[in-house]
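Here are the chains, one letter per residue:
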Amino acid sequence: MLSQLEAIAIEAGKLISQYRASGPSVVQKSDGSPVTNADEAAEALILRELHKLAPGIPIIAEEATASGAIDPVSCGAVFLVDPLDGTKEFIRGRDDFTVNICLVENRRPKLGVVFAPARHELFSGDGSASYRCRLAQDASIVERVTIRSRCSPDKLTAVASASHAGVETDEFLQTLPVDRKISVGSSLKFCLVAAADAHIYPRFGRTMQWDTAAGDAVLRGAGGCTLTRDGEELEYGVLRANGTFDNPYFVSYGGHADVLRALMAAPALRPAEPAVLQD
């Protein structure tokens, strides 16, 4: 199924590129975030293809959920879809936007695909291995390399959001042996950690499960981990008590979960989290 998910993500990315070339139209959603006609067209394509591929698996997709259409959620299998992650970067004409598709099983990301059309790069993972692919101008895959995360807790490269880094993130990183910081948009942050281009990605702000599931699948397949501030694995396909698919605060790391737990152990590294995000 992973290769089929890759193909769907590539087709969605090609469609997004067409809208980018012609100039996308932008409106504001009810929560104040932007959405473009490229988001909506790509999501329609992905939903159609996923229903063909696996008609019995429910789908949680960003734009459909925003409009009130939520598939039933179970502890079994579910797709999480963000048709255009990094919409703000896309609108600004930058390259750090992605198509995210993830199959979740028993609340864990199993198969994940992150396609960055403007960078001609695709990342994917199947739980036991992860890959970095280079694409030609026609979006065909011309190179596939297996990637593994790795890091030393004594010398870290941190990656943070290009649009959403905050005080809590800065305070957290100041307590760690970080010698370099990278700023990038969308789910590419997970992929950089998975490929050992970076080592740690803290996120102490609001994210949704469709934002992170595919990238997290790539990271976990490469040997990394993503933990909540309580040291538990980040779970997916979980409808929160407030009726949203918000994530709690989390930290992604390119090494073993026990090492990350030790890094997160100090009280100063546990920023307060809005009560609305609690289960």
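The structure this text deals with has already been given above.
Predicted model only: the values in this text are computed from it and were never measured.

Conventions used here
- Residues numbered from 1 in each chain as written.
- Predicted model: local features only at pLDDT ≥ 70, side-chain atom pairs only at ≥ 80, totals over all residues.
- Heavy atoms only, no water.
- Core = buried A, V, L, I, M, F, W, Y, C linked by side-chain atoms within 4.5 Å.
- Buried < 20%, exposed > 50% of the residue type's maximum accessible area, 1.4 Å probe, protein only.
- Helix = DSSP H or I, 4+ residues; strand = E, 2+ residues; numbered from the N terminus.
- Contact = heavy atoms within 4.5 Å.
- Pairing = 2+ DSSP bridges.
- Axes fitted to C-alpha atoms, helices over the stretch in contact; angles between N-to-C directions.

Draft legend 1. View of the nonpolar core. Core analysis: the biggest nonpolar cluster contains 37 residues, and I16, I46, L50, F79, V99 and I101 have the highest contact counts within it. Put simply, the parts of the chain that give this core at least two residues each are α1 (2-22), α2 (37-53), β3 (59-61), β4 (77-85), β5 (98-105), β6 (108-116) and β8 (130-135). At eight residues, the largest contribution of residues to this core is made by α1. Not counting the four nearest positions on each side in its chain, L50 is found in contact with L5, I8, P55, I59, F79, V81 and I101. Residues C102, Y201, A222 and L234 belong to the second largest nonpolar core, which totals 32 residues.

Draft legend 2. Summary view of the environment of P109. Residue position: P109 is located in strand β6. Given the relative accessible area of 8%, P109 is considered buried. Sequence-wise, P109 and V78 are 31 residues apart; in three dimensions their C-alpha atoms are separated by 9.5 Å. Among all residues touching P109, those that are not within four sequence positions of it are C102, L103, V104, A213, D216, A217, R220 and Y236.

Draft legend 3. Representation of the sheet that holds strand β7 (residues 121-125). Spatially, β3-β4-β5-β6-β7-β8-β9 is the arrangement adopted by the seven strands of the open sheet, whose pairing is mixed. In this open sheet, the two edge strands, each paired with only one partner strand, are β3 and β9 (141-147). On average, each strand axis in the sheet is tilted by 15 degrees relative to the strand beside it, whichever way the strands run. Note: β4 against β5, seven bridges, orientation antiparallel. Looking at the pairing, D82 lines up with N100 of β5. Against the sheet, α2 makes contact with β3, β4 and β5, and its axis sits at roughly 155 degrees relative to β4, the strand it touches most.

Everything listed here is a matter of geometry and, on its own, says nothing about what the molecule does.
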